[in-house]
Amino acid sequence: NRLLLERALPIPRDAIMHDWWLALVAAATGSIEFIDRPLIKYRQHQSNAVGATGFWHMLNPLGGWLGRWRKGNREFRSTFSQASALLIHAESAPEGWSKDVLEILKSYSSLLQMPIWKRMYEATGMGLRRGSLIFKFPYYIRLLTIRNGER
């Protein structure tokens with residue numbers, strides 16, 4: 001809607017994807033609702049820039065696992081740049097942004113500057129990963145092993 005567009009623009013260079021950026025702004029300043037019917041047709045193909053490959057595909061040791069892990073680290077790191085950009089964006093036009101959201105963005109943006117033990121404490125306190133351990137595990141392994149400034 002118009003209000004979301006006004007709050008989301010301009011989309012910064014550090015936004016990972018425009019639709020993700022819009023979803024973040026909507027969740028932070030309003031709400032996101034689930035519509036239980038298809039609104040568009042979606043197909044995946046070999047040339048997709050992004051797309052679902054499945055959790056077990058990532059773990060396949062014979063299919064370039066290390067390269068995919070490194071790519072995942074780069075993508076993971078970009079979430080911190082995006083959060084920083086979102087924080088700057090929110091602070092430039094604070095109407096509609098709650099203090100709680102701004103604090104979460106500040107905390108998340110600074111996770112990689114923290115000592116490893118504090119990263120875990122802060123991340124678990126923010127409730128970043130919910131659900132089963134199998135989905136939390138890769139996130140926390142990345143959070144523990146990635147170094148600030150690493151490419």
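It should be noted that the structure appears before, not after, this text.
Overview of the structure. Being a predicted model, the structure only gives us computed values, none of them experimental.

Definitions and limits used
- Residues numbered from 1 in each chain as written.
- Predicted model: local features only at pLDDT ≥ 70, side-chain atom pairs only at ≥ 80, totals over all residues.
- Heavy atoms only, no water.
- Helix = DSSP H or I, 4+ residues; strand = E, 2+ residues; numbered from the N terminus.
- Buried < 20%, exposed > 50% of the residue type's maximum accessible area, 1.4 Å probe, protein only.
- Contact = heavy atoms within 4.5 Å.
- Areas by Shrake-Rupley, 256 points an atom, 1.4 Å probe, with all protein chains shown as cover.
- Salt bridge = Lys/Arg side-chain N within 4 Å of Asp/Glu carboxyl O.
- Axes fitted to C-alpha atoms, helices over the stretch in contact; angles between N-to-C directions.
- Left-handed = near helix turned anticlockwise from the far one by under 90°.
- Nonpolar A, V, L, I, M, F, W, Y, C, P; charged D, E, K, R; others polar.
- Phe/Tyr/Trp six-rings, centres within 6.5 Å; stacked < 30°, edge-to-face > 60°.

When its secondary structure is counted, the protein shows seven helices and zero strands. Sequence-ordered secondary structure for the protein, helices as α and strands as β, is α-α-α-α-α-α-α. Across the 151 residues of the protein, 28% fall into the buried class. In the protein, 55% of the contacts between residues at least 6 apart in sequence involve partners at least 24 apart. For the protein, the exposed area adds up to about 11,100 Å²; of that, 59% sits on carbon and sulfur atoms.

With that settled, the discussion passes to the pattern of salt bridges. Under the criterion given, the structure shown has two salt bridges. Residues Glu75 and Lys71 are paired through a salt bridge, measuring 3.4 Å at the closest nitrogen-oxygen approach. In this pair, Glu75 and Lys71 are both assigned in helix α4 (residues 65-92), four residues apart and thus about one turn of the helix distant. Salt-bridge contacts for Lys106 lead to Glu103; the nearest nitrogen and oxygen are separated by 3.7 Å. A residue pair is termed a helical-turn pair when its members lie 3 or 4 positions apart in one helix, as Lys106 and Glu103 do in helix α5 (residues 99-109) at three residues. Residue classification places Glu103 among the partly exposed positions, given a relative accessible area of 44%.

Here we take up the packing of α4 against α5. Across the interface, α4 lies against α5 with an axial gap of 9 Å and an inter-helix angle of 145°. Where α4 crosses over α5, the handedness of that crossing is left-handed. From α4, Thr79, Phe80, Ala83, Ser84, Leu86, Leu87, Ala90 and Glu91 reach across to α5, where they touch Leu102, Leu105, Lys106, Tyr108 and Ser109. Broken down by class, the residue content of the contact of α4 with α5 amounts to eight nonpolar, three polar and two charged.

A few words now on the packing of aromatic side chains. Within the structure shown, the criterion is met by four aromatic pairs. Ring centres of Phe76 and Tyr139 lie 5.3 Å apart, and the angle between their planes is 75°; on these two criteria the pair is classed as edge-to-face. With Phe76 in helix α4 and Tyr139 in helix α7 (residues 133-145), this pair connects stretches of sequence that are 63 residues apart. Taking the relative accessible area as the measure of exposure, Phe76 reaches 8% and is therefore buried. Between Phe80 and Tyr108, the aromatic rings sit 4.5 Å apart at their centres with planes inclined by 5°, giving stacked as the arrangement. Pair noted here: Phe80 is in helix α4 and Tyr108 is in helix α5, with a separation of 28 residues, a long-range link.

Just geometry here; none of it tells us what the structure is for.
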